[in-house]
Amino acid sequence: MTRGTGRGGSSAAPRSVDVARLAGVSQKTVSRVFNDEQYVSADVRRRVLEAAETLGYRRNNAARALASGRTRSIGVVTLGTALYGPASLLMGVERAVRDTGYALRVVNTVEGDPAGIAGAVDSLLDQGVDGIVISEPIDEQTDDGEVTLRVDVPVLVLGAPSSVEAPMVLSAGDGADQMARAATEHLLALGHVTVHHLAGPLRWYAARDRLEGWRRTLTAHGRDVPQVAEGDWSAASGYAAGRELAADGDVTAVFAANDDMAIGLIRALTEAGRRVPEDVSVIGFDDVPVAAYVTPPLTTVPQPFDAVAQEGLKRLLHAIENPDAEPLPASDPPVDLVVRTSTAPPPHRTTPARGRRPASRPRGGTSTEPLPNGGPSTQH
């Protein structure tokens, strides 16, 4: 008679001893398989996993936590938003955790709440997580400055700078400035005298990082640095900025900090009679699924969300399971460019390029503060 509940068996929950009996191995061997220990042959591992599947057996993580002092769970602090970047990164983390045997506990923060991260971290620590992932893309400074979080488990910070004290603090997702550089250099290589920038909200680490990558690239090439238009990541804000940029006949190339704003920008340029890319080239950032199907198809810089999440989680799990070992080395995320038909050489110009002029305050934005020295982010 088959014991189990997972596939129509009796009401008693299957135990590891039942798996051992069906697989023809010892209970210790079942434990070794589910703890992913060495010295278990591939054939034995297959028999144990097939027996567990047949019986509907699931590991008792609560009992394991009592025995090991670990819950085999990872906490994630993330901004509660449907924006493409944060949502895609969270999905990447979920996919990366799926096959590790760890559970995922997610706590959302609210934009504008300076105590949001600290409260979320406290909530996760109360649940006994073994490690924490901080995927918080916004600079939530208080009047007294940043509050340093003190955490007693390893922490992985995705993209943004960290004010965390922990046994080990790891980072992943650096390199958005290099992606912004690739976008800007693509337009310069086409022959554009300079490149305008439509930035995201400058309270976001990602927006500041992409702005700095664009600015440094123009400076390195000795080009003018135009004033910055600031949006809020939405297509509507891109459209509003585009109406202003369309009135400036000197604008021949625009790097938008995300694809949604680029799409709104193209709509405004088209309505104003500025053809894309014949009159103005536009490049975005993210490579959202619709980017290949707008008119014209959008040239953009894709973000490697899954690669960042996989590498970051691999390093975090290594730190959790090997607390005395050196951290695994980090690698730079890939920098890619998807060239479609929204970028092209500029229309013929007779006016030579001038030397660099100082950048003005953001056009249409609310931020007048200088950019803080924050690290790069792949959050949006």
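Reading guide: rules and limits
Residues numbered from 1 in each chain as written. Predicted model: local features only at pLDDT ≥ 70, side-chain atom pairs only at ≥ 80, totals over all residues. Heavy atoms only, no water. Helix = DSSP H or I, 4+ residues; strand = E, 2+ residues; numbered from the N terminus. Buried < 20%, exposed > 50% of the residue type's maximum accessible area, 1.4 Å probe, protein only. Contact = heavy atoms within 4.5 Å. Areas by Shrake-Rupley, 256 points an atom, 1.4 Å probe, with all protein chains shown as cover. Core = buried A, V, L, I, M, F, W, Y, C linked by side-chain atoms within 4.5 Å. Salt bridge = Lys/Arg side-chain N within 4 Å of Asp/Glu carboxyl O. Polar contact = N/O pair within 3.5 Å; in protein donor to acceptor, adjacent residues only side chain to side chain. Pairing = 2+ DSSP bridges. Right-handed = clockwise from strand over helix to strand, strands pointing away. Axes fitted to C-alpha atoms, helices over the stretch in contact; angles between N-to-C directions. pLDDT = per-residue confidence, 0-100. Parallel < 35°, antiparallel > 145°, perpendicular 65-115°, else oblique. Left-handed = near helix turned anticlockwise from the far one by under 90°. Nonpolar A, V, L, I, M, F, W, Y, C, P; charged D, E, K, R; others polar.

Colleague: Sorry, what's going on with the overall build of the protein chain here?
Modeller: Scanning the protein chain for helices and strands turns up eleven helices and twelve strands. Within the protein chain, the fraction of its 380 residues that count as buried is 47%. In the protein chain, 73% of the contacts between residues at least 6 apart in sequence involve partners at least 24 apart. Working note: accessible area of the protein chain is about 18200 Å², and carbon and sulfur atoms make up 49% of it.

Colleague: Explanation requested: the nonpolar core in the structure shown.
Modeller: Most often, soluble globular proteins have nonpolar side chains that are buried together. By size, the foremost hydrophobic cluster in this structure holds 44 residues, and its most contacted members are Val195, Leu198, Trp214, Phe255 and Val282. Every element with two or more residues in this core is listed here: helix H7 (176-189), strand S8 (196-199), helix H8 (205-220), helix H9 (235-246), strand S10 (253-256), helix H10 (259-271) and strand S11 (281-286). Leave out the neighbours within four places in its chain, and valine 195 touches Thr184, Leu187, Leu188, Trp214, Leu218, Pro226, Ala253, Val254 and Phe255. By size, the runner-up hydrophobic cluster in this structure holds 22 residues, among which are Ile74, Leu90, Val133 and Leu316.

Colleague: Is there a simple way to explain the pattern of salt bridges in this structure?
Modeller: Side chains that carry opposite charge are capable of pairing whenever their charged atoms lie near each other. On inspection of all chains with the given rule, the structure shows eleven salt bridges. Residue aspartate 306 pairs with arginine 95 through a salt bridge whose shortest N-O separation is 2.7 Å. Linking aspartate 306 in helix H11 (residues 305-321) with arginine 95 in helix H5 (residues 84-97), this pair joins segments that are 211 residues apart in sequence. Judged by relative accessible area, arginine 95 falls into the partly exposed class, the value being 36%. Several salt bridges share partner residues, and in doing so they unite Asp43, Arg46, Arg47 and Glu50 into one network.

Colleague: In this structure, what is going on with the side chain of threonine 299? I would like to understand it.
Modeller: Along the polypeptide, threonine 299 turns up in strand S12 (residues 299-302). Judged by relative accessible area, which is 0%, threonine 299 ranks as buried. Side-chain polar atoms of threonine 299 contact the backbone nitrogen of arginine 340, separated by 2.9 Å. Setting aside anything within four residues of it in sequence, one finds threonine 299 in contact with His186, Val282, Ile283, Gly284, Val338, Val339, Arg340, Thr341, Ser342 and Thr343.

Colleague: Looking at this structure, how should I read the pairing of S10?
Modeller: Both faces of the sheet carry side chains from a regular strand, because those side chains alternate between them. Across the two faces of S10 the burial is the same, with Ala253 and Phe255 and Val254 and Ala256 all buried. Inspection of the sheet shows S10 paired to S11 by three bridges, in the parallel sense. Opposite alanine 253, over in S11, you have serine 281 as the bridge partner. Handedness of the S10-H10-S11 crossover: right-handed.

Colleague: For this particular structure, what's the right way to read the sheet that holds strand S1 (residues 73-79)?
Modeller: Strand pairing in a sheet relies on backbone hydrogen bonds. The paired strands run either parallel or antiparallel. One open sheet accounts for five strands, arranged S2-S1-S3-S5-S7; its pairing is parallel. Looking at which strands have only one partner, the edges of the open sheet turn out to be strand S2 (103-109) and strand S7 (169-172). Geometrically, the sheet is characterised by an average inter-axis angle of 20 degrees between neighbouring strands, direction not taken into account. Note: S1 against S2, seven bridges, orientation parallel. The partner of valine 76 across the bridge, within S2, is valine 106. Its contacts with the sheet place H5 against S1, S2, strand S3 (131-135) and strand S5 (155-158), and it is angled at close to 165 degrees to S2. Along the sheet face, helix H6 (residues 116-126) touches S1, S2 and S3 and points at about 155 degrees away from the line of S2.

Colleague: Even after reading the chapter, I still don't get the sheet that holds S10, so can you show me in this structure?
Modeller: Reading across the sheet, the five strands line up as S9-S8-S10-S11-S12 and stay open at both edges, with parallel pairing between neighbours. Taken across any chain shown, the strands that pair with only one partner, and hence form the sheet edges, are strand S9 (229-230) and S12. Inspection of the sheet shows S8 paired to S10 by three bridges, in the parallel sense. Bridging across to S10, histidine 197 finds its partner in phenylalanine 255.

Colleague: Even after reading the chapter, I still don't get the confidence of the model for the protein chain, so can you show me in this structure?
Modeller: Close inspection of predicted coordinates is inappropriate in any region flagged by low pLDDT. Per-residue confidence for the protein chain averages 82 on the pLDDT scale, and 80% of its residues sit at or above 70. Every residue in residues 1-11 is under pLDDT 50, and counting partners more than four places away or in other chains gives 24 contacts. Scored below 50 in pLDDT, residues 350-380 shows 91 contacts in the model against residues more than four places distant or in partner chains.

Colleague: Explanation requested: the packing of H7 against H8 in the structure shown.
Modeller: Between two packed helices, both the angle of their axes relative to each other and the distance between the axes serve to describe the pair. Across the interface, H7 lies against H8 with an axial gap of 7 Å and an inter-helix angle of 45 degrees. Between H7 and H8, the angle falls in the class oblique. The handedness of the crossing between H7 and H8 comes out as right-handed. The residues of H8 that touch H7, namely those facing Ala176, Asp177, Ala180, Arg181, Thr184, Glu185 and Leu188, are Asp209, Arg210, Gly213, Trp214, Arg216, Thr217 and Leu218. Looking at side-chain class alone, the contact of H7 with H8 contains five nonpolar, three polar and six charged residues.

Colleague: What exactly am I supposed to notice about the environment of leucine 49 here?
Modeller: Among the structural elements, leucine 49 can be located in helix H3 (residues 42-55). Among the residues examined, leucine 49 registers a relative accessible area of 43% and is labelled partly exposed.

Colleague: How should the packing of helix H1 (residues 16-23) against H3 be read in this particular structure?
Modeller: Their axes nearest at 9 Å, the elements H1 and H3 cross at an angle of 120 degrees. Judged on the interaxial angle alone, H3 and H1 are oblique. In the crossing of H1 with H3, the sense of the turn from one axis to the other is right-handed. Residues Asp18, Val19, Leu22 and Ala23 of H1 form the contact with H3, whose participating residues are Arg47, Val48, Ala51, Ala52, Thr54 and Leu55.

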